[in-house]
Amino acid sequence: MADKKNLSKDVLSAVNKKTGKAISESEVKKLASGVTAETMQSEAELKKLIKQVSAMAKVPVSEQTISDIVRAVKASGMNMSNMETIMKFMMKK
């Protein structure tokens, strides 16, 4: 469990550093609480989630990048090791 918690804090720290914005852990938890397995399987729901994260971080995301993220999420099968890869991909955009 500790590794999972550290990964979460590391990701939040990386996002805050990369964007130059302060996103709180509580904001992320509130948004994440509404994410379900169905969210990850629905292209429309994934796009909505990406746009919510973009708005929360106050970082614009192009439609092309949104499409790239959706493809990566759907191709990943959504296990934790793939999620880390997706996060690294998103941080490069």
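Here we summarise the structure given alongside this text. (Residues numbered from 1 in each chain as written. Predicted model: local features only at pLDDT ≥ 70, side-chain atom pairs only at ≥ 80, totals over all residues. Heavy atoms only, no water.)

A closer look at unusual backbone geometry
Phi is positive for K58, close to 55°, though the residue is something other than glycine. By secondary structure assignment, the location of K58 is in the loop between helix 4 (43-57) and helix 5 (63-76). A relative accessible area of 64% places K58 in the exposed class. (Helix = DSSP H or I, 4+ residues; strand = E, 2+ residues; numbered from the N terminus. Buried < 20%, exposed > 50% of the residue type's maximum accessible area, 1.4 Å probe, protein only.)

Comments concerning the nonpolar core
The biggest cluster of nonpolar side chains holds 8 residues, and these are M40, L46, L49, I50, I66, I69, V70 and V73. Residue assignment for this core shows that the elements contributing at least two residues are helix 4 and helix 5. Among the elements that take part in this core, helix 5 stands out by supplying 4 residues, more than any other. With 5 residues, the next largest nonpolar core counts L12, V15, I23 and M56 among its residues. (Core = buried A, V, L, I, M, F, W, Y, C linked by side-chain atoms within 4.5 Å.)

Side note on the packing of helix 4 against helix 5
Packed helix pairs are characterised by how far apart their axes lie and by the angle those axes make with each other. As a packed pair, helix 4 and helix 5 sit with axes 10 Å apart at the nearest point and diverge in direction by 125°. Judged on the interaxial angle alone, helix 5 and helix 4 are oblique. The handedness of the crossing between helix 4 and helix 5 is right-handed. Residues E43, L46, K47, I50 and K51 of helix 4 lie in contact with helix 5, whose contacting residues are E63, I66, S67, I69, V70, V73 and K74. By residue class, the composition of the contact of helix 4 with helix 5 is 6 nonpolar, 1 polar and 5 charged. (Axes fitted to C-alpha atoms, helices over the stretch in contact; angles between N-to-C directions. Parallel < 35°, antiparallel > 145°, perpendicular 65-115°, else oblique. Left-handed = near helix turned anticlockwise from the far one by under 90°. Contact = heavy atoms within 4.5 Å. Nonpolar A, V, L, I, M, F, W, Y, C, P; charged D, E, K, R; others polar.)

Remarks on the pattern of salt bridges
Applying the stated criterion across every chain, the model contains 3 salt bridges. K47 is the salt-bridge partner of E43, the closest N and O atoms lying 3.5 Å from each other. Taken as a pair, E43 and K47 lie in helix 4 at a separation of 4 residues, close to a single helical turn. E43 sits in the partly exposed class, given a relative accessible area of 43%. Between R71 and D68 there is a salt bridge, with the nearest N and O atoms lying 2.4 Å from each other. Residue R71 and its partner D68 are located together in helix 5, separated by 3 residues, close to a single helical turn. (Salt bridge = Lys/Arg side-chain N within 4 Å of Asp/Glu carboxyl O.)

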